[in-house]
Amino acid sequence: MVWDFLELLARLYHTTDWKAYRQETKDVDVRFDLQDFVSLSHIIEGVYQRTEKEERLLQEIKEAFRGAIRERAVLYDYLDQVVASKWIENLVWAVAGAVLGIRKFERPVSVARDILTKPLPPQLLVRVKRHVQAYHDRIGRLRPAGEMAQ
């Protein structure tokens with residue numbers, strides 16, 4: 001899951017011509033990219049805390065996936081908002097900070113070369129694992145006592 005998210009993040013981060021992206025990418029693939037970005041970004045919450053603006057946008061996009069985003073104009077409006085908000089860029093720099101110990105724009109970063117290594121950098125995976133474990137612990141406490149015994 002982390003690998004998939006990082007590959008998507010790298011591809012989106014290194015997209016410099018969003019007009020060409022629109023022309024060369026099928027709408028269904030754009031929808032999947034946006035859906036994967038939204039649904040997988042939660043695994044990086046141990047590394048990056050979304051801004052209020054990004055959180056509002058996330059909630060709007062989640063709601064739109066219940067139907068409205070099927071319309072091309074709505075899909076591309078949300079894609080434009082994600083790009084304009086610098087959410088993709090903010091995530092990349094948060095990951096780069098966790099993995100490489102650098103701050104935004106301190107030096108050039110290649111997600112593919114510096115972060116998508118085999119194995120994935122432990123300084124990122126440890127933080128992701130801690131976050132996911134804490135999330136599962138919170139969810140586990142919400143279950144009624146009878147469900148846990150089954």
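This text gives an overview of the structure that appears in the document. In this text the structure is predicted, and so the values were computed from the model without any measurement.

**Considering empty space enclosed by the protein**
Logical step 1: Tallied over the entire structure, the rule returns 1 cavity of 30 Å³ or more.
Logical step 2: The volume enclosed by the largest cavity comes to roughly 30 Å³.
Logical step 3: If you trace the largest cavity, you find it lined by Leu12, Asp33, Leu34, Phe37, Leu79, Val82 and Ile88.
Logical step 4: Mapped onto the lining of the largest cavity, the elements with two or more residues apiece are helix 3 (27-40) and helix 5 (72-84).
Logical step 5: Of all the elements, helix 3 adds the most residues to the lining of the largest cavity, at 3 residues.

**Re a nonpolar patch on the surface**
Logical step 1: Taken together, the side chains of Tyr135, Ile139 and Leu142 present a nonpolar region at the surface, about 300 Å² in accessible area.
Logical step 2: Among the structural elements, Tyr135 can be located in helix 8 (residues 122-142).

**Focus: the packing of helix 3 against helix 5**
Relative orientation and spacing of two packed helices are given, respectively, by the angle between their axes and the distance between those axes.
Logical step 1: Contact pair helix 3 / helix 5: the axes reach a minimum separation of 11 Å and the direction vectors enclose 45°. When the interaxial angle is binned, helix 3 and helix 5 end up oblique. Here helix 3 and helix 5 pass one another in a crossing that is left-handed. Counting all contacts with helix 3, which are made through Asp27, Val30, Arg31, Leu34 and Phe37, the residues of helix 5 involved are Arg72, Leu75, Tyr76, Tyr78, Leu79 and Val82.
Logical step 2: For the contact of helix 3 with helix 5, the class distribution of residues is 8 nonpolar, no polar and 3 charged.

**Regarding helix 1 (residues 2-13)**
Logical step 1: Its 12 residues give helix 1 an end-to-end C-alpha distance of 16 Å, which sits within 8% of 16 Å, the value for a rise of 1.5 Å per residue.
Logical step 2: Among the residues of helix 1, those classed as buried are Val2, Phe5, Leu6, Leu8, Leu9, Ala10 and Leu12.
Logical step 3: In this fold, the buried residues of helix 1 make contact with helix 2 (18-24), helix 3, helix 6 (87-100), helix 7 (111-115) and helix 8.

**A few points about the nonpolar core**
Logical step 1: Ranked by internal contacts, the top residues of the largest apolar core, which has 46 residues, are Leu6, Phe37 and Ile44.
Logical step 2: Contributions of two or more residues to this core are made by helix 1, helix 2, helix 3, helix 4 (52-64), helix 5, helix 6, helix 7 and helix 8.
Logical step 3: Contact partners of Ile44, with chain neighbours within four places excluded, come to Phe5, Leu91, Val95 and Val128.

**Comments concerning the pattern of salt bridges**
Side-chain pairs of opposite charge can arise whenever the charged atoms involved come near each other.
Logical step 1: Enumeration according to the criterion identifies 10 salt bridges in this entry.
Logical step 2: For Arg22, the salt bridge is made with Asp80, and the minimal N-O distance between the two is 2.5 Å. In this pair, Arg22 sits in helix 2 while Asp80 sits in helix 5, placing the two residues 58 residues apart along the sequence.
Logical step 3: Under the relative-accessibility criterion, Arg22 is labelled partly exposed at 27%.

Conventions and cut-offs
- Residues numbered from 1 in each chain as written.
- Predicted model: local features only at pLDDT ≥ 70, side-chain atom pairs only at ≥ 80, totals over all residues.
- Heavy atoms only, no water.
- 1 Å grid on protein atoms, 1.4 Å probe; cavity = no way out; pocket = protein on both sides within 12 Å on 5 of 7 lines; lining within 4 Å.
- Points joined across faces, edges and corners; volume = space filled by probe spheres on them.
- Helix = DSSP H or I, 4+ residues; strand = E, 2+ residues; numbered from the N terminus.
- Patch = residues over 30% accessible without salt bridge, like charges linked within 9 Å, V, L, I, M, F, W, Y side chains within 5 Å.
- Areas by Shrake-Rupley, 256 points an atom, 1.4 Å probe, with all protein chains shown as cover.
- Salt bridge = Lys/Arg side-chain N within 4 Å of Asp/Glu carboxyl O.
- Axes fitted to C-alpha atoms, helices over the stretch in contact; angles between N-to-C directions.
- Parallel < 35°, antiparallel > 145°, perpendicular 65-115°, else oblique.
- Left-handed = near helix turned anticlockwise from the far one by under 90°.
- Contact = heavy atoms within 4.5 Å.
- Nonpolar A, V, L, I, M, F, W, Y, C, P; charged D, E, K, R; others polar.
- Expected span 1.5 Å × (residues − 1).
- Buried < 20%, exposed > 50% of the residue type's maximum accessible area, 1.4 Å probe, protein only.
- Core = buried A, V, L, I, M, F, W, Y, C linked by side-chain atoms within 4.5 Å.

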